[in-house]
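# Overview (structure and organization)
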Amino acid sequence: MRMLTLVFGATAFATSTILASFFAGLALGGFSFGKLIDRGARPLFVYALLEAGIGAFAFLMPLLFSGLDDLYVLISQRFGVSFYQLSLFRFALSFAVLLIPATLMGGTLPVIVKFFADRQEKIGFRIGQLYAMNTFGAVVGTLSAGFFLILWLGVREAAYLAGALNLLIAGAVFILDLRARRSSEGIKPVEPRRQLVPDAAVSSRAARMALWAIGLSGFCALALEVLWTRALVFFLDNSTHAFTTILTAFLLGIALGSALIARFIDTRKRLLYWLGAVEVLIGIFAILAIPILSSSTPVIQTMARMNPADPMLPWKWMGMRFVTTLGVMLLPTVLIGMTFPIVGKIYTRTIDTVGTALGRVYAVNTLGGVFGSAVAGFALVPLLGVQASVIAVSALNTCIGIALILFDPATARRARIVTVAGSGGLFLVLGAFFLREGALDLTSYTE
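Given the structure is predicted, the values throughout are model-derived calculations rather than measurements.

### Overview of the overall build of the protein chain
Looking only at helices and strands, one finds 15 helices and zero strands in the protein chain. Residue pairs at least 24 apart in sequence account for 85% of intrachain contacts in the protein chain once pairs closer than 6 positions are excluded. Surface summary for the protein chain: the accessible area is close to 21,600 Å², and the carbon and sulfur share equals 68%.

This is the structure we're talking about:
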């Protein structure tokens with residue numbers, strides 16, 4: 001992101017390029033490498049190659065961007081293209097460069113889950129555990145880059161450090177793969193194909209519904225993140241630290257949710273019902289976060305009451321921003337973090353197709369996030385405003401949950417009706433109440 005601002009000279013283009021290429025790469029990598037790993041490739045060997053490729057691109061990226069910048073200047077001078085045409089050309093080439101390492105990143109999760117998924121009855125735990133660990137790592141990476149590494153080392157040097165760590169991971173995993181091949185025990189053979197439920201037709205329908213649900217859930221999740229960011233920026237400020245704080249809080253909730261559900265997912269029946277209940281709760285808690293947005297004290301006013309000579313002032317400011325952000329996001333994002341492992345468990349019909357199944361779930365969820373972020377930023381906020389947009393996205397979450405609950409064949413009809421009536425009624429009451437209260441008054445100052 002910081003490198004691209006030097007290429008584009010405008011953060012809006014840089015942000016669009018990063019989001020588009022990163023999410024597209026994650027989806028492409030999850031889908032393609034998930035299928036590849038189920039065809040008999042060695043998971044540890046493939047994982048090491050992916051990490052090595054990511055590390056290599058970390059070192060190549062500054063050089064590639066520098067070359068692209070020279071190319072842009074040459075084209076602008078030779079052909080006299082307009083600013084808009086040049087920006088599109090920059091976007092296309094930068095997208096192509098960023099897509100490759102993002103695709104490698106997207107392939108890591110289904111590949112490593114394939115290695116650890118040794119028993120059918122533990123597949124949900126493995127998906128939730130590894131997804132949580134991966135996301136906790138993202139929390140540390142976000143905090144480190146946004147608050148420390150760029151400040152202490154500089155942009156390129158911070159990227160080189162990350163690349164070096166990727167290469168170290170690749171080397172360590174190569175060694176593990178060699179030891180596994182030489183060992184007489186090796187990797188345990190996979191179990192024969194076994195369906196997660198006795199009725200194949202029911203399982204197939206549940207899997208299709210869950211896949212649609214995770215796509216729409218990804219749409220809602222990223223739409224909510226955009227809306228929360230839009231509101232919180234008034235209470236924080238428009239800085240790199242502020243956006244780092246928001247992203248860290250979002251990822252932390254997702255990691256916690258995945259870690260929590262991993263312990264219980266394999267012992268739960270009626271997973272379609274539980275997925276529906278989680279989606280409904282996401283919608284309800286997203287609405288309940290609105291009062292926090294409307295009552296949060298703007299950071300400028302709060303800082304005015306602090307002692308400017310206090311050496312701990314920057315850390316207090318940082319802590320206050322993080323607590324405010326976490327107060328808005330924590331419960332909804334914890335629930336959002338539960339959805340991916342649940343759908344992964346539902347959609348993985350057999351242990352020997354876990355890579356393909358998980359890659360497909362990952363790709364659909366990620367593509368949903370791409371559309372969600374675009375629709376929220378370019379359509380919902382201008383047309384409806386922040387508060388009404390949050391209610392609209394929450395309504396979609398609730399509808400997803402209600403549909404899953406109603407069509408779950410493993411749940412008694414009466415239980416489905418009671419759950420849908422209660423949750424739907426509660427959402428309607430909350431939505432009507434906040435719509436009646438009027439739009440949020442978002443400002444960086446108070447009288």
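### Some remarks on a nonpolar patch on the surface
Together, Leu-151, Trp-152, Leu-153, Leu-161, Leu-165 and Leu-168 give the surface a local cluster of nonpolar side chains, amounting to about 670 Å² of exposed area. For the nonpolar patch, the secondary-structure elements that each account for two or more residues are helix H5 (123-153) and helix H6 (155-182). The residue Leu-165 is located in helix H6 in this model.

### Notes on the packing of aromatic side chains
Aromatic ring pairs: the centre-centre distance and the angle between the two ring planes describe each pair. Throughout the structure, instances matching the rule amount to nine aromatic pairs. When the centroid spacing of 6.2 Å and the interplanar angle of 75 degrees are considered together, the rings of Phe-22 and Phe-23 count as edge-to-face. Among the aromatic residues, those joined into a ring-pair cluster are Tyr-131, Phe-340 and Tyr-362. The ring of Phe-45 carries the charged tip of Arg-42 above its face, separated from the ring centre by 4.5 Å.

### Focus: the nonpolar core
Core analysis: the biggest nonpolar cluster contains 91 residues, and Leu-109, Val-113, Trp-228, Leu-275, Met-329, Phe-340 and Ile-346 have the highest contact counts within it. Looking at this core element by element, the count peaks at 16 residues for helix H7 (residues 200-235).

### What about the pattern of salt bridges?
All told, the structure shown has three salt bridges when counted by the stated rule. Linking Lys-345 and Asp-266 is a salt bridge whose minimum nitrogen-to-oxygen distance equals 2.8 Å. Placement of the pair is Lys-345 in helix H12 (residues 313-347) and Asp-266 in the loop between helix H8 (240-262) and helix H9 (271-288), with a sequence separation of 79 residues.

### Points about the confidence of the model for the protein chain
Looking at the protein chain, the pLDDT average stands at 82 and 83% of residues meet or exceed 70. When mean pLDDT is compared element by element in the protein chain, H6 scores highest at 93, while helix H11 (residues 299-304) scores lowest at 58. Every residue in residues 190-202 is under pLDDT 50, and counting partners more than four places away or in other chains gives 25 contacts.

### Thoughts on the environment of Val-361
Tracing the sequence through the fold places Val-361 in helix H13 (residues 354-384). We classify Val-361 as buried; its relative accessible area is 0%. Sequence separation between Val-361 and Tyr-347 is 14 residues, and the spatial gap between their C-alpha atoms is 7.7 Å. Each residue touching Val-361, except ones within four places of it in the same chain, is listed here: Leu-211, Ile-214, Phe-340, Val-343 and Tyr-347.

### A look at the environment of Ala-262
Counting through the fold element by element, Ala-262 comes out in helix H8. Placed 79 residues apart in sequence, Ala-262 and Pro-341 show a C-alpha to C-alpha distance of 7.1 Å. Not counting the four nearest positions on each side in its chain, Ala-262 is found in contact with Phe-125, Gly-128 and Gln-129.

### Remarks on the packing of helix H3 (residues 43-79) against H6
Any two packed helices are characterised by the angle at which their axes cross and by the distance between the axes. Orientation of H3 relative to H6, taken along the N-to-C sense of each, is 160 degrees, at an axis distance of 8 Å. Taken together, the axes of H3 and H6 lie roughly antiparallel to each other. Considering only the axes of H3 and H6, their crossing is left-handed. For the contact of H3 with H6, a count of residues per class yields 20 nonpolar, three polar and three charged.

### Quick look at the packing of H13 against helix H14 (residues 386-406)
The interhelical angle for the contact between H13 and H14, taken along N-to-C directions, is 120 degrees, at an axis separation of 7 Å. Classified by the angle their axes make, H13 and H14 are oblique. Crossing geometry of H13 relative to H14 is assigned as right-handed. On H14, the residues touching Leu-380, Val-381 and Leu-384 of H13 are Val-386, Ala-388, Ser-389, Ala-392 and Val-393. The residue inventory of the contact of H13 with H14, partitioned by class, reads seven nonpolar, one polar and no charged.

Each value, and the rule that gives it
- Residues numbered from 1 in each chain as written.
- Predicted model: local features only at pLDDT ≥ 70, side-chain atom pairs only at ≥ 80, totals over all residues.
- Heavy atoms only, no water.
- Helix = DSSP H or I, 4+ residues; strand = E, 2+ residues; numbered from the N terminus.
- Contact = heavy atoms within 4.5 Å.
- Areas by Shrake-Rupley, 256 points an atom, 1.4 Å probe, with all protein chains shown as cover.
- Patch = residues over 30% accessible without salt bridge, like charges linked within 9 Å, V, L, I, M, F, W, Y side chains within 5 Å.
- Salt bridge = Lys/Arg side-chain N within 4 Å of Asp/Glu carboxyl O.
- Phe/Tyr/Trp six-rings, centres within 6.5 Å; stacked < 30°, edge-to-face > 60°.
- Lys NZ or Arg CZ within 6 Å of the ring centre and 35° of its normal.
- Core = buried A, V, L, I, M, F, W, Y, C linked by side-chain atoms within 4.5 Å.
- Buried < 20%, exposed > 50% of the residue type's maximum accessible area, 1.4 Å probe, protein only.
- pLDDT = per-residue confidence, 0-100.
- Axes fitted to C-alpha atoms, helices over the stretch in contact; angles between N-to-C directions.
- Parallel < 35°, antiparallel > 145°, perpendicular 65-115°, else oblique.
- Left-handed = near helix turned anticlockwise from the far one by under 90°.
- Nonpolar A, V, L, I, M, F, W, Y, C, P; charged D, E, K, R; others polar.

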